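# Structure assessment
Chain by chain, the residues:
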Amino acid sequence: MRKRRFTSLQRGGLLLILGILLLVTSNFVDELRSYQGAQVAVYLVAISSIILLTGYSGQISLGHGAIMAIGSYAAALAFSLWNISFEFAILFGMVVGTIAGFILGVAAARLSGPYLAGTTLALAVGLPTIADQFKVLGGEQGLNFDIGDAPGWIKRFEGSDFTQYRWFFWLMTLVALGVVWAITNLLQSSFGRNWRAVSNNPVAASLAGINVARAKVLAFTVSSALASLAGALFGILLGIVTPSAFPLTLSFTILTGAVLAGVGNLAGSIVGAVVLVAIPEFSGALSTHLGNSQKVTANLPGLVTSLLLIFVVLFRPEGLWPKKVWKRSRQLNN
Amino acid sequence: MNQGLVISDLTIEYGAIRAIHDISFEVKPNELVAVIGANGAGKSTLLRALSGMIASASGGATWNGQSILKTKPEELVRRGIVHLAEGKSVIPELTVAENLALGGLRRRDKSDVATAISESLELFPILASRLEQRADSLSGGERQMLAIGRALVSRPKLLLLDEPSLGLAPLIIDQIFNALNHLRTHLGLSILLVEQNALSALKIADRGLVLNLGALVKNGLAAELLGDADLRDSYMGF
Amino acid sequence: MIFIDTLLLGISSGAIYSLMALALVLVWRSTRIVNFAQASQAVLSTYIGYEITMRSHNYWVSLPLAILFGAILGSLIDFLFMRYLAKRAKSGPIAEIAPVIATLGLLGLLQSIIGLIWGNSFLQYPTPLSGKGFTFGSHTIPFSPQNLFIVLATAIVLLVFGGIFRFTDLGLALRAASFQPEIAQLAGIRVARIRNIGWAFAGAAGAVAGAVITPTSVLSPNSLDLLLVSGFIAAVMGGLDSLVGAVIGGLVLGVGFSFILQYVGSSVTFLAGFFILVIVLLIRPRGFFGHQVGRHA
C-alpha cells in the first residue's frame, strides 16, 4: 500500500499558501504576464479534466473543446441574458456541461478506443455550428461575457490600479488550485480507486465487483464538469464567447497539454499548462530572430507544438516532468 | 546429411527470471522427441526461443549446423522450422483454404504449393469439405489439423508443436498423434513435441525429455521413460 | 428533380469521404492505428501534384506521380516513425492514446512544414475537366464531368484494393498480418514489411482523394482537415475493418449531408454527422461491418 503523505486538510493548506504566494507575485508583473497567468490557470483546469478522463479511467476524448464550449455558452447566456452574478453564471455553466457530459458519457461507455475518438471528434467539429442556428446564441458575433473589474473590497484592499487582468489572474488561479485540491481528494477516494482499477484492467475490475460502465460514465461526467468550468473561465478571460473560440484545434491543444503533462500525472498538468502558454511566446521570439517572414510566423508555433508532442510520445511517454522526479522532490521537501 | 537440431547449454531469461537453464539435447532427422513436465517447467518458453519469438536466449541452438537463435520466426520458416503455438495457430478470420495458402505464400515453387495443399487435405480429409468456411467455425480438433496442414504446405523439416492435444477429445487426440507419427515415419520430419499429455506423447515419440523448473532432468528413450516408475508418479499421473 | 440533384451531389461528396475512409481503414487494418496524419499526407501529395501540373501543364501527368509520392510518403512515415513508436510508449496511461497523439503530432508537423514551404494562402489547382453540370434539355444537374471523375476514381480505387485484398497473395498476407500478426509471423509472413505496404497503399488512396477533390475547392495546408473528419466518421460507421464498410459509410454520410444541406441548412451538417454516427454506434457499437464480438481494439 502506498502511504498517504498528506491529509486532505494539509494539502489544502499547502495549496492555499501557494495561492497566496502567486497572488502576491502578481503585484510585480505586468499586464501581459497576468493575462498569461490566468491562461495557465484555465489550461490547468482543462488539462486536468483530460488527465482525469484518460489517465485515470482509460477513455479518450477528442471533443473536450466542445464541452468547454457548452460550459462557456451556458455561463455567458446566464450572465448576459438573465443578469446573474458571474459566480452563479460559472456554476450554471458547470451544471449544463455536467449534464451534457453525463449524456455523452452514457454513450461513451459503450464505445471503445477509436469509436469513442471518432464520436467525440465529430462533436468537436459539429457543436460550435449550433451557434449559428439559434439567435439567442449570438451567431458569429457571440455573446458578451465581460464580468467587469474586481469587486470593491478587493480594490479597497489592493488599490484602485488593480487591473482587470490581475483580477482574472487572482480569480482563475484560486479556482484552479481549488480544482487541484478537489481532484486529489477525489482520486484518493473509492471513486479514484475504482477508476484506476477500471483503466488498468476492466475485466479484473468487473470481477472485483466494480460496475465498470458506471465508473466510466462517472469519470466522463466529472471530467466534463471540469472542462465546462474551464470553458466558463475561458469565456470570462476572452470577454466574449464566439464559435471561433472553440475550434477543433482547442480540443487537440488541451490533449497536447495533457500529454506534455504525462497523461497519468495530475501534478504534471501545471507543466503542460505553462508549456502551452509558453509555446506562442517562444515561437514569436524565435520567428523574430529568423526574420519575421509571414510563412515562419504563421507556422512556427504549430511546428514547435508538433515536434514537442512527437518528442514526448517517443522519448518521454511519462510526460515532460515525470512523476518520479516530482515525488522525489516532494520527499526532499519533507 | 542433415545434422538435425542441436541444443547446447541453452539458457533463456524472461525478464529477471531464468526460465531455462543450461540444457543440452538433440533432435535427429526423422526423430520425434517429446518434451514433458509440469506447468511452468519452461516447455513453451523453450519452443518460443527456438522459433525466434523470444530474443533473450544464450548458448547454442543449431539446425543443420547453422545457428537459429535470434533469428526472426519468418526466416526460420524459410529454413524449414515451423512453430505451432499453443491454442492459436490458425487465423480465425480467414477461410480454411486461405489458412492453408498462408503456408505457401513465400515459396517460389507454386506448383509444389498446390501439391502440398492437396497432400494436407489427403492427410486431413475433413478439411477438404470445409475449404470455404472461416476457420473460427471449426472445432478445436479441426483447427489443430488445419494448423498442421498449413505448416506442411511450407514443406518444413522440423516441426515445433506446443500442446496440440490441449482441450481435445481422446479420439481426436489419437487422430492427430497418428498423423504426427505418419509425418515422422513417411515424410521424414523431425518433430519436437511439447505435451502435458505425457502418456500419449511418449507412445509415439522416439525419445523423451523431462523438464523441471527449467532444468533438463531426464533424457532417454521413450520406452524407457514410459517404464520409469518415478516419472509415472510425478508427471504422468497414472 | 431537387431530390435527384441532391442525391447526385451526395454521391459525389460521399465518394470523396469514402476515399479518405479507405485510406484510414487500410492503415487501421494493418496497424490498429487511426492515422490522423492522413489529411496532411494527402495535402502534401496534392502540393506535389500541384507543382508538377504547374511545370508540365498537364494534370494527367501529375496525377500518377502524386499517387506514387503519396505511397512513398506513407511507407516512409511507417519506416521512420510508426515502427519506432510501436516499440515505445507501450505501457502506462499514455499507451492508450499514444498512437492518436503521435499521428496528431505528425499531422501538425507535416502541415507546418507545408506552410513553411508553400505559405498558407489558398492555391487554385484546376483540372482539364469541366466543373459545369451536365445538361439534359433545359435542366442542368449539379453533377459535372469533374464529379463523375471523382465517383469513377473512387470506384477504381475500391476495385483495385478490393481485388488485391481478395485475390492476391499480397492481399492474403495483408489480411493475415492485420488480423493476427503473431500467427502470421509464425506462418512465415514478414509482418513488418507487409504493414509497410499497407501504409503505402493508404498513402496512395489519400493522394487520390486529395488530387480529385482539391480542384473542386482550394489547396492550403489544412484544406483536407474536414475531409479527414468526414472520412473518419465514415470509416467508424463502416466498422474500421471493412473496405466495403468504408465506402458505404462514406456514401451514407455524403448523401446524408447533402440532404441536410438542401433541406435544413448548411451550418448544422457536422452536428448532424455527429448524431448519425452516435445513432449508428448505439445500434452497432463497432459499425456496420465491424466484428461485433471477440475483438479488442
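Residues numbered from 1 in each chain as written. Chains lettered and ligands numbered in written order. Predicted model: local features only at pLDDT ≥ 70, side-chain atom pairs only at ≥ 80, totals over all residues.

## What about the overall build of chain B?
- Secondary structure assignment for chain B yields 10 helices and 10 strands.
- A globule of 238 residues ought to have a C-alpha radius of gyration of about 18 Å, and chain B, at 17 Å, matches this closely.
- Dimensions of chain B, computed from the C-alpha atoms along their principal axes, are close to 45 × 40 × 35 Å.
- When the 238 residues of chain B are sorted by exposure, 45% land in the buried category.
- Look at the contacts in chain B between residues 6 or more apart in sequence, and 69% of them connect residues 24 or more apart. (Helix = DSSP H or I, 4+ residues; strand = E, 2+ residues; numbered from the N terminus. Rg over C-alpha atoms; globule rule 2.2 N^0.38 Å. Buried ≥ 20, exposed ≤ 12 C-beta atoms within 10 Å, placed from the backbone. Contact = placed C-beta atoms within 7 Å.)

## Remarks on the overall build of chain A
- In terms of helices and strands, chain A carries 15 helices and two strands.
- By its C-alpha atoms, chain A is 60 × 55 × 45 Å across when sized along the principal axes.
- Burial status across chain A gives 49% buried among its 334 residues.
- In chain A, of all internal contacts separated by at least 6 residues, the share reaching a separation of at least 24 is 78%.

## Overview of the interface of chain B and chain C
- Opposite the 20 residues of chain B that make contact, chain C presents 15 residues.
- Of all elements in the fold, only α2 (73-78) and α3 (96-102) of chain B reach the threshold of two or more residues within the side of chain B that touches chain C.
- For the side of chain B that touches chain C, the element with the highest residue contribution is α2(B), accounting for four residues.
- Counted by class, the side of chain B that touches chain C contains eight nonpolar, five polar and seven charged residues. (Nonpolar A, V, L, I, M, F, W, Y, C, P; charged D, E, K, R; others polar.)

## A few points about the interface of chain A and chain C
- Between chain A and chain C, the residue contacts involve 44 residues of the former and 43 residues of the latter.
- Mapped onto the side of chain A that touches chain C, the elements with two or more residues apiece are α2 (31-57), α5 (113-126), α6 (130-133), α12 (248-261) and α14 (294-315) of chain A.
- In terms of residues, the side of chain A that touches chain C owes the most to one element, α14(A), which gives 14 residues.
- Considering only residue class, the side of chain A that touches chain C consists of 24 nonpolar, 16 polar and four charged.

## Structural notes on the pairing of strand β6 (residues 81-84) of chain B
Residue and element names in this part refer to chain B.
- Both faces of β6 are covered, namely the face carrying Ile81 and His83 and the face carrying Val82 and Leu84.
- Judged from the four bridges that link them, β6 and strand β7 (residues 158-162) form a sheet pairing that is parallel. Bridging from a neighbouring strand, Leu84 pairs with Leu161 of β7. (Pairing = 2+ DSSP bridges.)

## Brief notes about the pairing of strand β1 (residues 5-14) of chain B
Residues and elements named next belong to chain B.
- Where β1 meets strand β2 (residues 17-27), seven bridges bridge the pair, whose relative direction is antiparallel. By the bridge assignment, Tyr14 is partnered in β2 with Ile17.
- Where β1 folds back onto β2 in an antiparallel hairpin, the turn is made up of two residues, including Gly15, whose phi is positive at roughly 65 degrees.
- For β1 and strand β4 (residues 57-63), the ladder comprises six bridges, and the chain directions are antiparallel.

## Points about helix α11 (residues 212-238) of chain A
All names here are of chain A.
- The end-to-end C-alpha separation of α11 is 39 Å, in line with the 39 Å expected for 27 residues at 1.5 Å each.
- Of all 27 residues that make up α11, 21 are buried, and the element is covered over most of its length.
- Trailing α11 by a residue or two, Gly239 shows a phi angle of about 85 degrees, which is positive. (Expected span 1.5 Å × (residues − 1).)

## A closer look at the nonpolar core
- Among the nonpolar cores identified, the biggest contains 277 residues, and A:Val42, A:Val45, B:Leu193, C:Leu22, C:Ala205 and C:Ala209 are the most heavily contacted of them.
- Once residues within four sequence positions are removed from consideration, A:Val45 is found in contact with A:Val175, A:Ala176, A:Val179, A:Leu226, A:Leu229, A:Ala230 and A:Leu233. (Core = buried A, V, L, I, M, F, W, Y, C linked by C-beta atoms within 7 Å.)

## Points about the packing of helix α9 (residues 190-200) of chain A against α11(A)
Residue and element names in this part refer to chain A.
- The interhelical angle for the contact between α9 and α11, taken along N-to-C directions, is 110 degrees, at an axis separation of 10 Å. Our classification of the angle between α9 and α11 gives roughly perpendicular. Once α9 is placed against α11, the crossing between them reads as left-handed. Touching Phe191, Asn194, Trp195 and Val198 of α9 are Val212, Ala215, Lys216, Leu218 and Ala219, all from α11.
- In terms of residue class, the contact of α9 with α11 is made up of seven nonpolar, one polar and one charged. (Axes fitted to C-alpha atoms, helices over the stretch in contact; angles between N-to-C directions. Parallel < 35°, antiparallel > 145°, perpendicular 65-115°, else oblique. Left-handed = near helix turned anticlockwise from the far one by under 90°.)

## Notes on the sheet that holds strand β10 (residues 215-221) of chain B
Residue and element names in this part refer to chain B.
- Reading across the sheet, the six strands line up as β6-β7-β8-β3-β9-β10 and stay open at both edges, with mixed pairing between neighbours. Strands at the two margins of the open sheet, each flanked by one partner only, are β6 and β10. This sheet shows a mean twist of 15 degrees between the axes of neighbouring strands, independent of strand direction.
- Note that strand β3 (residues 32-36) and strand β9 (residues 207-212) share four bridges and pair parallel. Pairing of Ala34 across the sheet is with Gly208, part of β9.
- Relative to β7, helix α1 (residues 43-50) is tilted by about 145 degrees, and along the sheet it contacts β3, β6, β7, β8 (190-194) and β9.

## Details of the sheet that holds β1(B)
- Here four strands make up an open sheet; going across it, the order is β2-β1-β4-β5 (chain B) and the pairing antiparallel. Each of the sheet's edge strands pairs with one partner strand only, and the pair in question is β2 and β5 (66-67) of chain B.

## Some details on the confidence of the model for chain B
All names here are of chain B.
- Taken residue by residue, chain B gives an average pLDDT of 87. The fraction at 70 or more is 98%.
- Highest mean pLDDT in chain B belongs to α3 (93); lowest belongs to helix α10 (residues 229-236) (72).
- The ipTM value of the predicted complex is 0.89, and its pTM value is 0.85. (pLDDT = per-residue confidence, 0-100.)

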